[in-house]
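# Report on the structure
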Amino acid sequence: MISSSWEIVLNHTSELGEGPVWDSVSKRIIWLDIIAGEIHSYYPEEQKHTTLKTGQMIGAAVLRQSGGLMGALHHGIYEINETTGTLTLLKDPESHLPGNRFNDGKCDPQGRFWAGTMSIDESLVAGNLYRIDPDGHIEHFESNIGCSNGLAWSPDQQTMYYIDSPTRQVYAYDFEKETGHISHKRVAVTIPEGTGYPDGMTIDTEGMLWIALWDGWGIARYNPENGELLQKFDLPAARITSCAFGGDTLNDLYVTSAYTRLDAAEKEKQPLAGSLFVIKNLPVKGYDSDRFGG
């Protein structure tokens, strides 16, 4: 069993914290507040916190090899200049679906940006999964998604993992790294009823998945080869949203959470809901964040 305890990274809470990304160049953790449309950065060595406001809901942000960020926002895919705060629209594949927004996304090891959508009010199963290539081409892969969420790639880059949260399942696909094509969809992990919904996730160098549990009060480590739960890490908030490895040796796990739609009594019981947590010095490590651009 892995033994570690959590810490609060800084005194700040997000209504819907999401999408942690470790930037190994500037040594910062990036995360989002989806509802507020904010991109947060925290530099642990300097204890510095910055906020970039995008002006619309933001579901995912990834680092670019050329600098700055790519973002999947309510109204499409954007290039984000962090210095000026300028957002440049690349394309909106769902301009015909104003009731949808992007919710989560990540770059594959070849520098392609995968991002999915969901119905804003969650009343429809109307989400989709897209791949955005460095040349700007956007390809559609999945339809009828309830809440598009976590993505990860196996250490040998032959498998892609993907979460549609309401199904309580993590799907695996054969992944062709040269073309970015996926096939042979199957269930890798099923989250038992009553233990939360799978949200964001990451993978460690042993090939094990770390899955955030919405309304599950923690992070679960699963073996995707057989679906076995290896360990549960409890946290002081019910709505755990995502996680990413970071730190100099990539063995600190940063974890986002949310307080959205909690009533007054629930908020009182969860004063740390919406915090960014970190579980330090794990005996396993993750991978450096893949950057957009090939």
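A few points on the structure. (Residues numbered from 1 in each chain as written. Predicted model: local features only at pLDDT ≥ 70, side-chain atom pairs only at ≥ 80, totals over all residues. Heavy atoms only, no water.)

## Section: the sheet that holds strand β5 (residues 48-53)
- Taken together, the four strands give an open sheet; going across it, the order is β2-β3-β4-β5, and neighbouring strands pair in antiparallel fashion. Among the strands making up the open sheet, the edge pair consists of β2 (17-23) and β5. On average, adjacent strands in this sheet sit at an angle of 20 degrees to one another, irrespective of strand direction.
- Pairing between strand β4 (residues 38-43) and β5: six bridges, direction antiparallel. What sits directly across from Y42, in β5, is H49. (Pairing = 2+ DSSP bridges. Helix = DSSP H or I, 4+ residues; strand = E, 2+ residues; numbered from the N terminus. Axes fitted to C-alpha atoms, helices over the stretch in contact; angles between N-to-C directions.)

## Section: the pairing of strand β3 (residues 28-33)
- Buried residues dominate β3, accounting for six of its six residues.
- Of the two faces of β3, the one holding R28, I30 and L32 and the one holding I29, W31 and D33 are both buried throughout.
- Taken together, the five bridges between β2 and β3 define a ladder with antiparallel strand orientation. Within β3, the residue paired with E18 across the bridge is L32.
- Taking the residues that link successive antiparallel strands as the turn, the β2-β3 hairpin has four residues, and the phi of K27 there is positive, at about 55 degrees.
- Once β3 ends, the chain turns through four residues before running back antiparallel as β4, passing G37 with a positive phi of about 70 degrees. (Buried < 20%, exposed > 50% of the residue type's maximum accessible area, 1.4 Å probe, protein only.)

## Re the nonpolar core
- With 17 residues, the main nonpolar core has W210, I219, I240, L253, V255 and L282 as its most contacted residues.
- Among the elements of the structure, β19 (209-214), β22 (239-246), β23 (252-258) and β24 (275-279) are those that each provide at least two residues to this core.
- Formed by 15 residues, the second largest nonpolar core is a distinct cluster that contains A152, Y161, A172 and I211. (Core = buried A, V, L, I, M, F, W, Y, C linked by side-chain atoms within 4.5 Å.)

## Observations concerning the sheet that holds strand β17 (residues 181-190)
- Judged by pairing direction, the sheet is antiparallel, and its four strands sit side by side in the order β14-β15-β16-β17 without closing on themselves. Strands with a single pairing partner mark the edges of an open sheet, and in this sheet they are β14 (148-153) and β17. Looking at each pair of strands side by side, their axes are set apart by 25 degrees on average, direction ignored.
- Pairing geometry for strand β15 (residues 159-164) and strand β16 (residues 169-176), over six bridges, is antiparallel. Looking across to β16, one finds that Y161 is bridged to A172.

## Regarding the layout of surface pockets
- Of the volumes computed, that of the largest pocket is approximately 520 Å³.
- Forming the boundary of the largest pocket are 31 residues, of which K106, T202, D288, S289 and D290 lie nearest the centre.
- Broken down by secondary-structure element, the contributors of at least two residues to the lining of the largest pocket are β2, β6 (58-63), β10 (100-107), β14, β18 (197-203) and β22.
- Considered class by class, the residues forming the lining of the largest pocket number 18 nonpolar, nine polar and four charged. (1 Å grid on protein atoms, 1.4 Å probe; cavity = no way out; pocket = protein on both sides within 12 Å on 5 of 7 lines; lining within 4 Å. Points joined across faces, edges and corners; volume = space filled by probe spheres on them. Nonpolar A, V, L, I, M, F, W, Y, C, P; charged D, E, K, R; others polar.)

## Quick word on the environment of T159
- Here T159 is to be found in strand β15.
- Through-space distance from the C-alpha of T159 to that of L253 is 22 Å; in sequence the pair is 94 residues apart.

## Considerations on the pairing of strand β12 (residues 127-132)
- For β12, the buried fraction is high: six of the six residues fall into the buried class.
- Examined bridge by bridge, strand β11 (residues 113-119) and β12 share four bridges and lie antiparallel to one another. Each bridged residue has a counterpart across the sheet, and for G116 the counterpart in β12 is L129.

## Observations concerning the pattern of salt bridges
- Summed over the entire model, instances satisfying the criterion amount to 19 salt bridges.
- Across the pair D108 and R112 runs a salt bridge whose closest N-O atoms are separated by 2.8 Å. The burial state of D108 is the same as that of R112; both residues are buried.
- Its salt-bridge partner being R239, residue D215 comes within 2.8 Å of it at the nearest N-O pair. Of the two residues, D215 is situated in the loop between β19 and β20 (218-223) and R239 in strand β22; the sequence distance between them amounts to 24 residues.
- Owing to a relative accessible area of 34%, D215 belongs among the partly exposed residues under this scheme.
- Residue R239 is classed as buried on the basis of its relative accessible area of 11%.
- When salt bridges that share partners are traced, they join D23, R28, E82 and R291 into one network. (Salt bridge = Lys/Arg side-chain N within 4 Å of Asp/Glu carboxyl O.)

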